[in-house]
Number of protein chains: 2
Amino acid sequence: MTGIRRLAQHLDISIGTVSRALNGRPDVNEETRRRVLQAATELGYVPNQSGRSLRQGTTNIIGFMMQTGTEITGQGDTFFMSVFDGIQTVFARHRLDLVALLCSSSEDPDDYLKRVVARGFADGLILSATQRHDPRFEFLAKRKIPFVTLGRSLTDVGQPWLDLDFEGMAQISIDRLVARGHRRIAVTRPHDDVNLGHLFVDQSARALAGHGLALDPELIFSSLPNEAGGYQVARQLLAMTDRPTAILLVNETIAIGFYRGLSEAGVKPGRDIAIIGRQSPQSHFLSPSLTGFTLSRRDLGIALAEALLATMPAFSHLYPDADPRKVWSEDLIEGESDAHTLPA
Amino acid sequence: MTGIRRLAQHLDISIGTVSRALNGRPDVNEETRRRVLQAATELGYVPNQSGRSLRQGTTNIIGFMMQTGTEITGQGDTFFMSVFDGIQTVFARHRLDLVALLCSSSEDPDDYLKRVVARGFADGLILSATQRHDPRFEFLAKRKIPFVTLGRSLTDVGQPWLDLDFEGMAQISIDRLVARGHRRIAVTRPHDDVNLGHLFVDQSARALAGHGLALDPELIFSSLPNEAGGYQVARQLLAMTDRPTAILLVNETIAIGFYRGLSEAGVKPGRDIAIIGRQSPQSHFLSPSLTGFTLSRRDLGIALAEALLATMPAFSHLYPDADPRKVWSEDLIEGESDAHTLPA
DNA sequence: GTGAAAGCGCTAACAG
DNA sequence: CTGTTAGCGCTTTCAC
């Protein structure tokens, strides 16, 4: 005898009543409810999730899909941890649990997702690392699984998304650098087909065009979105005969490696080259200080969670005006890495 | 009509046979099995996890419990991402899925764990951030949930564990620094009651004693296990009248902040102070280069997975000589941060 | 080698 | 307000 049955027997009432009492149904005698709740605490009873899921067709679990292995993630160390924390403050209100679905680097993400969905693992999903064309979206839409993505894509099935304002970052950065006399400006982009790379490079080109300048294809540096990638970019850049005078770093993590690569050659940010990047817990400790964009990861998480809940039938009424698609703008923190002005 | 029932109807055989065919039971006609497997692929059938779990009492899921929020983890995402990747190479052989159980920073870890277990969420667990006294161990042992911990604890219920060799790091570091003429050596430790802090500080003291030296309590710096914590330590250290000549950094992430704090005061590692720390993707790009310990996170993950499986009845026969408790030693990579020798 | 049927723990519909 | 019961999808006896 185990589970709800044991609890019922212990209290000498039926399992139906126990279930109703625990699930807050109104049609239960308050005294009965009190006894049930107390006994549940005493005996440490918690409903078995499998039984409940099987019956209700829901799991109360939301999955955040991410790839494991270090080269891939691209966000800095604690990026996701902070986002998770924001998500959870929202989910806690609805007794939803967030788990990270870890797709091994040796498994195809699309296959992994299919498996997770078919198993009925989660009630909703959050996808990150959205690709320029992302088949996962279509699959989920066909299966009518609620999901939200952190990142846009050319694939559009009407799902909600949140994304950082890469166009805004590009525009502001370019305007700022041009105003300081820079004409030869480089940009970085991730090596793979993740969507943000396209957004960032394209908008940089447009912004430059607005000033009558062109984005030299030689000045688009592809890199792994990690420290080593940044170091590589620095080496490549330093080897050029006609070096850029400024560069935009699109990934958070690459600044550290990039700085190191420069310093080995005695090239100093804010004097010999202008850098605009993104703030992170690590970049905070670079010297000269980095001029870069910052955002509240926690707030981003909260918005992600609300956007997802707004698409789930069971919760949508609670989030009537959650923004289904939103570009999340970031603030520029001025540092010393682009402090100098070029002579005219 | 859905699930296995639909598949059976489609093939015009019974659901029992379908189940047996899919689960590789021997008592199935090979031709039948072939048809079932093919139909399953065509229709994209994957067994519902809740139904299966309810029946079998297992979930085929292993949970890795971690706390969200940035200050707490101390290790970066990338640390865990690499460990996960190692774990998954082992689990893939047994069709086990690894998920990260994300305990919100606002929830008590012990309560969270109870909830997860009672729900029957996972067949086994991996715990990190082990505390000096960790009630989670006793709880899991009582419930007979297989688990392994990344980190030791004074709490001992006979569970398997893996841990980094903090004593070895302390001993080697101290010996090395003393040999270079250092007598006044500082150590860091995490601010909370995580077990590794105790191990590291205690062994440092013993190692010093071996050289006839004492660990000055003033030279034990508690810090948040992140970049900001390292910066704080540097500030405190610089403010002292009788500064140490060397320091051991126990956390991976603090080196960056610590370097920055020093450089603001013009204090240079390897000249004005000796530093021994731990290598990480970020520390790789510090200058002067950090002398520090390194390990293969992926191999650590593999060992963790094997240690866990060795305790699970369903798999133990496959891992007869997995080491149930192992201190994982790290290699010292010589850098420039402790290059100098003190005058006698 | 296959089909029929029980039952895992739970919730919801229905009867009282 | 409470008890009884069907059935969620699946695996596993037990007959045949």
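Residues numbered from 1 in each chain as written. Chains lettered and ligands numbered in written order. Predicted model: local features only at pLDDT ≥ 70, side-chain atom pairs only at ≥ 80, totals over all residues. Heavy atoms only, no water.

## So, the interface of chain B and chain A
So, point 1. Contact with chain B, which involves 54 residues of that partner, is made by 55 residues of chain A.
So, point 2. Summed over both sides, the interface between chain B and chain A buries roughly 4,500 Å², with carbon and sulfur atoms accounting for 56% of that surface.
So, point 3. There are four salt bridges connecting chain B and chain A.
So, point 4. When the shortest N-O distance is used, the salt bridge between A:R119 and B:D97 registers 3.1 Å.
So, point 5. Listing elements by their share of the side of chain B that touches chain A, those giving two or more residues are helix 4 (49–56), strand 1 (61–67), helix 5 (70–73), helix 6 (77–91), strand 2 (97–103), helix 7 (109–118), helix 11 (227–239) and helix 12 (254–264) of chain B.
So, point 6. Where strand 2 (residues 97–103) of chain A lies against strand 2 of chain B, three bridges are found, and the strand directions are antiparallel. When the sheet's bridge partners are listed, A:L101 is paired in strand 2 of chain B with B:V99. (Contact = heavy atoms within 4.5 Å. Buried area = accessible area lost by both parts, 1.4 Å probe. Salt bridge = Lys/Arg side-chain N within 4 Å of Asp/Glu carboxyl O. Helix = DSSP H or I, 4+ residues; strand = E, 2+ residues; numbered from the N terminus. Pairing = 2+ DSSP bridges.)

## Observations regarding the protein's contact with DNA strand D
So, point 1. Close to DNA strand D lie 28 residues; A:T32, B:I4, B:R25, B:Y45 and B:R55 are nearest.
So, point 2. When the atoms of DNA strand D within 4 Å of the protein are sorted by group, sugar and phosphate make up 59%.
So, point 3. At 3.4 Å, a side-chain N or O of B:R20 approaches a base oxygen of DNA strand D.
So, point 4. With respect to DNA strand D, the backbone of B:N48 contributes an N or O atom lying 2.9 Å from a phosphate oxygen.
So, point 5. In terms of residue count, the dominant contributor to the surface near DNA strand D is helix 4 of chain B (five residues).
So, point 6. For the surface near DNA strand D, the per-class residue count stands at eight nonpolar, 13 polar and seven charged. (Near = heavy atom within 4 Å. Polar contact = N/O pair within 3.5 Å; in protein donor to acceptor, adjacent residues only side chain to side chain. Nonpolar A, V, L, I, M, F, W, Y, C, P; charged D, E, K, R; others polar.)

## A few points about unusual backbone geometry
So, point 1. In the segment running from A:S287 into A:P288, the intervening peptide bond is cis, with an omega of 0°.
So, point 2. Locating A:P288 in the fold gives a position in the loop between strand 9 (274–278) and strand 10 (291–294).
So, point 3. Within the chain, B:D12 stands out as a residue other than glycine whose phi angle is a positive 60°.
So, point 4. Here B:D12 lies in the loop between helix 1 (3–11) and helix 2 (15–22).

## A word on the side chain of A:R119
So, point 1. Summarising the element assignment, A:R119 is placed in the loop between helix 7 (109–118) and strand 3 (124–127).
So, point 2. Once residues lying within four places of it in the same chain are set aside, the contact partners of A:R119 are B:V46, B:P47, B:N48, B:Q49, B:S50, B:T59, B:N60, B:I61 and B:D97.

## Observations regarding the UniProt feature "domain: HTH lacI-type" (unreviewed entry) in chain A
So, point 1. In this numbering, the UniProt entry assigns the feature "domain: HTH lacI-type" (unreviewed entry) to residues 2–56 of chain A.
So, point 2. The straight-line gap between the two end C-alpha atoms of residues 2–56 of chain A is 20 Å; of that span, 71% is helix and 0% is strand. (UniProt positions renumbered as here; feature names shortened; annotations may be inferred.)

## Brief notes about helix 9 (residues 166–179) of chain B
All names here are of chain B.
So, point 1. Along its 14 residues, helix 9 runs 20 Å from first to last C-alpha, staying within 8% of the 20 Å computed at 1.5 Å per residue.
So, point 2. The buried fraction of helix 9 amounts to 10 of the 14 residues, a majority that puts the element mostly inside the structure.
So, point 3. When helix 9 is considered as a whole, its buried residues turn out to be F166, E167, G168, M169, A170, S173, I174, R176, L177 and V178.
So, point 4. Phi turns positive, to about 100°, at G181, one or two residues after helix 9. (Expected span 1.5 Å × (residues − 1). Buried < 20%, exposed > 50% of the residue type's maximum accessible area, 1.4 Å probe, protein only.)

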